[in-house]
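# A look at the structure
Listed below, chain by chain, are the residues.
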Amino acid sequence: GGEYADLGTWALSLVGPAEWTNLNMTAPAGSADGVQAVYDPVGRRMVLVMPDCAVWALDLANPAAWQLLIAAGTGPAPRRYPVVVHDAARNRLILFGGGPDTGFWSDVWALNLSGAPAWQQLTPPGIGPAPRWAAVGVYDAGSDRLVIFSGSTQSGGLKNDVWALSLANPVGWVELHPAGPLPQARFLSAAIFDPVTSELVMFDGHNGSVGLSDLWTLDLASPTSWSQVIPSGPVPPLRWSHRAVYHQASASMITYGGWNGTIFRDDVWFLSRPAPGGPPRVFGFTPAGGMVGDEVTILGLSLENPLEVTIGGAVAQVVSSSSSSIHAIVPAGAVTGPISVTTAAGTAVSSGEYFVGDAPIIEQALPDSGRAGETIEIRGRALATTNRISFGGTTAAPFTVLSDTSIAATLDTLATTGPIHVTTLVGSSQSAFTFQVILDDPRPRLLSVRDVENDQGGRVMLRWRASDFDKFRYRSITRYRVWRRAPLSGLTADVATSNGWSSSRALGQAAADPGVFWESLAELPAAFLSGYAYAAATLQDSTDIGNPYTAYFVQALTNDVFKFYNSSPDSGYSVDNLAPPTPTQVAVLYGPSANTLHWRGRNVADLRGYRIHRGADAFFVPTSANLVVTTSDTSYADIAGSHFYKLAALDLHGNVSRYIAISPDRPVATLATFFRSLREHGLARVIWFSGGNPNLAARVYRCTESTDWVFVGDLLADGNGYLTYDDRAVLDASRYGYRLGIVEPEESENFLGETWLDPLAVEFAFAGRLVNPSVGGRVACTLAIPASVRAEVRLFDITGREVERQVLEAGNAGERSVRFGEARRLRAGVYLLRAASGAVVMTRRVVVLD
């Protein structure tokens, strides 16, 4: 191939007399252009990258015909004159840049040549070289990196910068700044990597005005440096767009062809380079792992005629060898470890370890189907060294190895239904089962239509899964529209019958009944969310005679008014979940001939009426057996007698309010009334009775004669209707008031059950527990002292001698503290503590420790 050349395939013998041979096979169509070619030492083949980035290969051991490599995944865009090198350590092509017809590129791609070919874009972070075409690039085997130089940019400017990208760990491009004189900026040069000297060797090119006839070497050892070389003997005529390779056996740089602005050249030139010598060098090996019996290619320098090759400590059989590679068989007994090569000149050991293990086995996928972006767990054996996973065998999916038996893979967008393929350092295998890829669906999926709880009805919550096109990679869905079906002809709503349900499921389809009408309720913006919800109005609430269904569907809209996607319809019904407020101002007039009940009516839209229950005591439970009447009036005359009553409001949807209780001794009713109180030292207990309302929730408020009401806690009535509040944050000498606050539906808080507790009568006494023994040479006690009472406290030692005395003058009732040993610590021993007030004398014995 080559620009303006024929489509023949030719070979030049490098053993014996140099002679061209026509292999009589047609090169791939399009190769008469700026094609790039590299040698694959592992597959022993020539690999051709076309301007459309199609890849062809020719088996050099048996050159019968060119073969197109079907590469999985989305590869690089078409381009001419990219940098293409062979990454020997991983047996893959590396492609950088290119142009100019389809744009100027600075992207990096890799195409694996082991197993099924697949493109993968490498995205090193940070700033890299400017987009360019016709640069030169080499694979630096010793440092495992791509090195590029020169090239033409979009503005037409030429470059003479040097960049390197580590391929072992592509953390980012690094610009090199070599010492020495710089070559002119150029493009369309040719270059090779000399493994003996670790140099990039570059010949000729074009500087934008004229062709260049020069030879340069870039020493890639640290520090890097440029040197211009003036070779002895004849020099090839100037040219550009030529090709060059390094031939290790003859230690030569060989260049062929090119253009000088007038003619195409067909000459071949050899440039002698330092010959390999000394001990062998191992740059790497490929593949990175395998099983006993597999073939491994060892790459390096001075590897010909090895005396011994070991893999993981075991001696391997050598299939073939040359100065740059050895093909060997993994021997029995090999374990994971380095590879060594021994020749007559010495021994070289690889820096990395060859992995010896078993082939992967795929047993299960959980789940066994999925959509793009979902996580799939792949279970099996020998999975720890997995380096590639594909669903359907055509793409590469992102994954994380969890263990030797489990992998978490993300289903990629180009996955197809088929077996799962797993590639490890040892080899590849595929599942015996088929994984089902669920294709993206542009239609939203209406998941549920459910009542909105704890409201007065009239609404249902619609929840739907987003359209699969409402994702960043599509960006086509702009909003969602919610539709509600109008009432069917002759019906208030679609009552829940089997026929009604079936018809609502079919609505919104192309063959919908022309008598069905839809109303647009709302539009929501699309935001790349997984799901959406909307509280939609219904046409009617449920009643005790049935549940009237309302049908809905959701529409995913695009910027094209003629392109939208409908969900399947679904239906639901709303429920009034809130009870009406409790009747107020209830009173009973107990008379000789009748008991007359009166109450204030409630202004509630869905009120049905009131229920009155009669019982023999205050603790009766309202049931249908003791129901007296259901009435819409606000008064009722019942039979005479000392009866107990409970009254509640009822709405149209069967919700019953709290019950309000009336008894002969309390003919004016409230939701809760004061029942009993208790006052003890440090405690105030108040009990209210809520009539027929177990689990009545209330809030407790407290005040004093000098402070306002403050909230102090929440209460819940027990099964008998009692609410008990224990207040331990009280002073015995203070008077406290308590009341309940109850919130009725849609009303403000009502306060009731107010009561006051008088101060606790204080008696002269020791208060609390006396710390005994006391430590630290001190004694402390607390006394409860009535108001306007004077007290005297004295401390005696065991001989009866008074040690210390304190006087407590008359004041307010309450607790007073006394401490001895503050000014001067007490000696350890036994003491008597005596407190006296009037005729009352109290004595306590206390032990003091240091």
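Residues numbered from 1 in each chain as written. Predicted model: local features only at pLDDT ≥ 70, side-chain atom pairs only at ≥ 80, totals over all residues. Heavy atoms only, no water.

To continue, consider the overall build of the chain. Helix and strand counts for the chain stand at one helix and 70 strands. Relative to a compact globule of 850 residues, whose C-alpha radius of gyration would be 29 Å, the chain shows 47 Å and is clearly more extended. Principal-axis analysis of the C-alpha atoms places the extent of the chain at approximately 140 × 105 × 60 Å. Considering the chain as a whole, with its 850 residues, one finds that 45% of them fall into the buried category. Across the chain, every contact between residues at least 6 apart in sequence was considered, and the portion connecting residues at least 24 apart equals 56%. Accessible surface computed for the chain: about 40,400 Å², of which carbon and sulfur atoms make up 53%. For the chain, the distance from the average position of its 64 positive side-chain charges to the average position of its 78 negative side-chain charges is 9 Å. (Helix = DSSP H or I, 4+ residues; strand = E, 2+ residues; numbered from the N terminus. Rg over C-alpha atoms; globule rule 2.2 N^0.38 Å. Buried < 20%, exposed > 50% of the residue type's maximum accessible area, 1.4 Å probe, protein only. Contact = heavy atoms within 4.5 Å. Areas by Shrake-Rupley, 256 points an atom, 1.4 Å probe, with all protein chains shown as cover. Lys, Arg positive; Asp, Glu negative; His and termini not counted. Charge placed at Lys NZ, Arg CZ, Asp CG, Glu CD.)

Neighbouring strands of a sheet are bound in pairs by backbone hydrogen bonds; such pairs are parallel or else antiparallel. Pairing is antiparallel in the open sheet, where three strands are placed in the order β34-β37-β38. Since the sheet does not close on itself, it has two edges, and those belong to β34 (386–391) and β38 (428–430), each with one partner. Between one strand axis and the next, the sheet turns by 15° as a mean value, whatever way the strands run. Note: strand β37 (residues 420–424) against β38, three bridges, orientation antiparallel. Counted as the bridge partner of V422 is S429 from β38. (Pairing = 2+ DSSP bridges. Axes fitted to C-alpha atoms, helices over the stretch in contact; angles between N-to-C directions.)

Right, let's talk about a nonpolar patch on the surface for a bit. Taken together, the side chains of V775, I798, V830, V847 and L849 present a nonpolar region at the surface, about 410 Å² in accessible area. On the secondary structure map, I798 appears in the loop between β66 (791–797) and β67 (802–808). (Patch = residues over 30% accessible without salt bridge, like charges linked within 9 Å, V, L, I, M, F, W, Y side chains within 5 Å. Salt bridge = Lys/Arg side-chain N within 4 Å of Asp/Glu carboxyl O.)

To continue, consider the pairing of strand β36 (residues 406–410). Across the five residues of β36, four count as buried, placing the element largely inside the fold. The sheet contact formed by strand β33 (residues 375–381) and β36 spans five bridges and is antiparallel. Within β36, the residue paired with T375 across the bridge is T410. Note that strand β35 (residues 399–403) and β36 share four bridges and pair antiparallel. Among the inter-strand pairings, F399 is bridged to a residue of β36, identified as A409. The turn linking β35 back onto β36 is made up of two residues.

To continue, consider the packing of aromatic side chains. This structure, assessed with the given rule, holds 28 aromatic pairs. Residues F472 and F528 carry aromatic rings whose centres are separated by 5.8 Å and whose planes lie at 75° to one another, so their mutual orientation is edge-to-face. With F472 in the loop between β41 (459–465) and β42 (479–485) and F528 in the loop between β44 (518–525) and β45 (531–537), this pair connects stretches of sequence that are 56 residues apart. Cation over ring: K646 sits above F620, and NZ or CZ is 4.7 Å from the ring centre. The residue whose ring lies beneath R739 is F751, and the NZ or CZ to ring-centre distance is 3.9 Å. (Phe/Tyr/Trp six-rings, centres within 6.5 Å; stacked < 30°, edge-to-face > 60°. Lys NZ or Arg CZ within 6 Å of the ring centre and 35° of its normal.)

A few words now on the pattern of salt bridges. Enumeration according to the criterion identifies 38 salt bridges in this entry. Across the salt bridge formed by D140 and R145, the nearest N and O atoms sit 2.9 Å from each other. Pair check on accessibility: D140 and R145 agree, each one buried. Between K471 and D468 there is a salt bridge; the shortest N-O distance is 4.0 Å. Among the residues examined, D468 registers a relative accessible area of 3% and is labelled buried. Among the charged side chains, a salt-bridge network with shared partners connects R371, D440, R445, D468, K471 and R473.

Time to look at the sheet that holds strand β61 (residues 722–727). One open sheet accounts for three strands, arranged β57-β58-β61; its pairing is antiparallel. Two strands close off the open sheet at either side, each with one partner strand: β57 (673–680) and β61. Strand-to-strand twist in this sheet, taken as the mean axis angle between neighbours without regard to direction, amounts to 15°. Of the strand pairs in this sheet, strand β58 (residues 683–689) and β61 are connected by six bridges, and their pairing is antiparallel. Bridged to W688 within β61 is L723.

Attention now goes to the nonpolar core. When a protein is soluble and globular, its nonpolar side chains tend to lie buried together. In terms of nonpolar packing, the biggest core is built from 33 residues, with I94, L146, W173, L200, M202 and W226 touching the most fellow members. Once residues within four sequence positions are removed from consideration, M202 is found in contact with V136, F149, P183, R186, S189, A190, A191, D214, L215, W216 and W226. Judged by nonpolar contacts, the second largest core, of 20 residues, contains L770, I785, L808 and V818. (Core = buried A, V, L, I, M, F, W, Y, C linked by side-chain atoms within 4.5 Å.)

With that out of the way, let us pick up the confidence of the model for the chain. Reading predicted coordinates in detail is not appropriate for stretches of low pLDDT. In this model, the chain carries an average pLDDT of 89, and 96% of its residues clear a pLDDT of 70 or more. When the criterion is pLDDT under 50, residues 490–512 qualifies, and its contacts beyond four places in sequence or with other chains add up to 40 contacts. (pLDDT = per-residue confidence, 0-100.)

Bringing the side chain of R273 into the picture now. Secondary-structure assignment places R273 in the loop between β21 (268–272) and β22 (281–286). Dropping the residues within four chain positions of it, R273 is found in contact with D194, T197, E199, V201, T217, Y246, A251, S252 and M253.

Turning our eyes to something else, we now look at the pairing of strand β46 (residues 548–557). Most of β46 is tucked away: 10 of the 10 residues are buried. Along β46, one buried face is formed by P548, T550, Y552, V554 and A556 and the opposite face, lined by Y549, A551, F553, Q555 and L557, is buried too. Pairing of β42 with β46 involves six bridges; the strand directions are antiparallel. Its bridge partner being in β46, V482 is matched across the sheet by V554. Pairing of β46 with strand β48 (residues 570–572), which is carried by three bridges, proceeds in the antiparallel orientation. What sits directly across from A551, in β48, is S571. Direction of pairing for β46 relative to strand β47 (residues 564–566): antiparallel, over a ladder of three bridges. From the neighbouring strand, A556 faces β47, where its bridge partner is Y565. In sequence, β46 turns back onto β47 through a hairpin of six residues.

With respect to the helices, strands and loops of the structure, S567 is situated in the loop between β47 and β48. In this structure the C-alpha to C-alpha distance between S567 and L446, which are 121 residues apart in sequence, comes to 6.2 Å.

Right, let's talk about the environment of I298 for a bit. Along the polypeptide, I298 turns up in strand β24 (residues 295–301). Overall, I298 belongs to the buried group, its relative accessible area being 0%. The sequence separation of I298 and A89 amounts to 209 residues, and the corresponding C-alpha distance is 9.2 Å. Once you skip the residues sitting within four places of it in the chain, I298 turns out to touch V282, G284, F285, L303, V309, S324, S325, I326, I339 and V341.

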